[in-house]
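Okay, here's what each chain looks like letter by letter:
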Amino acid sequence: MSSAVLPALTRPRRAWVTDLPLLLVAAVWGASYLAAKGITTTHTVIAVLVLRFAVVLPALAVAGRRGLRTLSGAQWRGAGLLGLVLSGIFLLETYGVVHTSATNAGLIISLTMIFTPLAEAAVTRVRPPAAFLAAAGLSVAGVVLLTQNGGFTSPSAGDLLMLLAALARTVHVLLMARIKAVQDADSLSLTTVQLGSAVAVFAVLAAVPGTGAAPWTVAADFGAAEWAGLLFLAVFCTLFAFFVQMWSVRRTSPSRVSLLLGTEPLWAAAVGIAIGGERLGVPGVLGAVLVLAGTAWGRRRADVTP
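If you're wondering where the values come from, they're calculated on a predicted model, not measured in any experiment.

Q: Describe helix α2 (residues 45-63), and please don't skip the residues or the numbers.
A: Across its 19 residues, α2 extends 28 Å between first and last C-alpha, which sits within 8% of the 27 Å expected from 1.5 Å per residue. Along α2, the sharpest kink reaches roughly 30°, centred on Leu57 and followed within four residues by the proline Pro58. Among all positions of α2, only Val45, Ile46, Ala47, Val48, Leu49, Val50, Leu51, Arg52, Phe53, Val56, Leu57 and Leu60 are buried.

Q: Can you tell me about the nonpolar core, naming the residues and giving the values?
A: Counting residues in hydrophobic clusters, the biggest one holds 51 residues, and the most contacted among them are Trp29, Leu49, Phe53, Phe90, Leu195, Phe202 and Phe222. If you list the elements that add at least two residues to this core, you get α1 (5-39), α2, α4 (73-99), α8 (157-178), α9 (187-207), α10 (215-221), α11 (224-249) and α12 (254-261). With 11 residues, the top contributor of residues to this core is α2. In this structure Leu49 touches Phe90, Leu91, Thr94 and Phe202, once residues within four positions along its chain are discounted.

Q: Pulling in residues and values, what's your account of the packing of aromatic side chains?
A: The tally for this structure, following the rule as stated, stands at four aromatic pairs. Summarising the aromatic geometry, the rings of Phe222 and Trp227 are spaced 5.7 Å apart at their centres and angled 90° between planes, so their arrangement reads as edge-to-face.

Q: Any chance you could break down the packing of α8 against α11 for me, citing the residues and the numbers?
A: Across the interface, α8 lies against α11 with an axial gap of 9 Å and an inter-helix angle of 50°. Here α8 lies oblique to α11, going by the angle between them. In this structure, α8 crosses over α11, and the sense of that crossing is right-handed. Where α8 approaches α11, its residues His172, Val173, Met176 and Ala177 are matched on the opposing element by Phe242, Gln245, Met246 and Val249.

Cut-offs applied
Residues numbered from 1 in each chain as written. Predicted model: local features only at pLDDT ≥ 70, side-chain atom pairs only at ≥ 80, totals over all residues. Heavy atoms only, no water. Helix = DSSP H or I, 4+ residues; strand = E, 2+ residues; numbered from the N terminus. Expected span 1.5 Å × (residues − 1). Bend = angle between axes of the 7 residues up to and from the residue. Buried < 20%, exposed > 50% of the residue type's maximum accessible area, 1.4 Å probe, protein only. Core = buried A, V, L, I, M, F, W, Y, C linked by side-chain atoms within 4.5 Å. Contact = heavy atoms within 4.5 Å. Phe/Tyr/Trp six-rings, centres within 6.5 Å; stacked < 30°, edge-to-face > 60°. Axes fitted to C-alpha atoms, helices over the stretch in contact; angles between N-to-C directions. Parallel < 35°, antiparallel > 145°, perpendicular 65-115°, else oblique. Left-handed = near helix turned anticlockwise from the far one by under 90°.

Geometric descriptors of this kind do not, in isolation, establish any biological role.
This is how it looks when you write it as structure tokens:
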């Protein structure tokens, strides 16, 4: 078999190796809305974020201690910058979810699918394929229908925070793909530095008077259900999710990563129906079909790096 034929045969397999973990990330992020609402209030946002990140840091530091010692100064700085952006994403998202409906949050955060290819095109001065933009637009149209089951309320402060979170997600994805210093570094080490930087930001904010309950006070008040929710957010929605994102963004395009992660609202609806007791009407079913169709179409149109 010629070498010209081999890439064509192995390309789909390489694509699915990257895509499936990203879809799992979208699924756990979709479930995170219900989990976060169960353990977070307006006065405990920062405390919960401190606990969520701090729970996984010791294990990360132990597992990746050798890799951490090999990181260069530029790699530490690059990962630290990513961590600062990450802290902003979580602050915006968590406060946003607390101050708006899950319907609005799911709809607005999905705009990352549009922001990322447009921002990537602006940075690289390369126009994204029309078919890719059409696929992303189809997915967003599906999200609109999917989230209309709960009714779209008037814009609020929480809606604006979710819009800013979508922009911050776009910045995070682009930076991971474009900061040269982190391209060849170990993903585990980079994830550890990112989360460590985020914890440092949250810890500083927690020490500021008037920012809410102290982390240890919130932890002492948690019962078994709250701890289960926190561990789910920490291990699956934080550790697993961002390790996969760091791993995959260096093997495919930022636009493809954003499109796959853009199925998050669909998974949020599925969790809401199966666990939260929500009902999905005809518009929601049609929206779910459009999200799946748009994502599948976009996967075929997005370029995959070897």
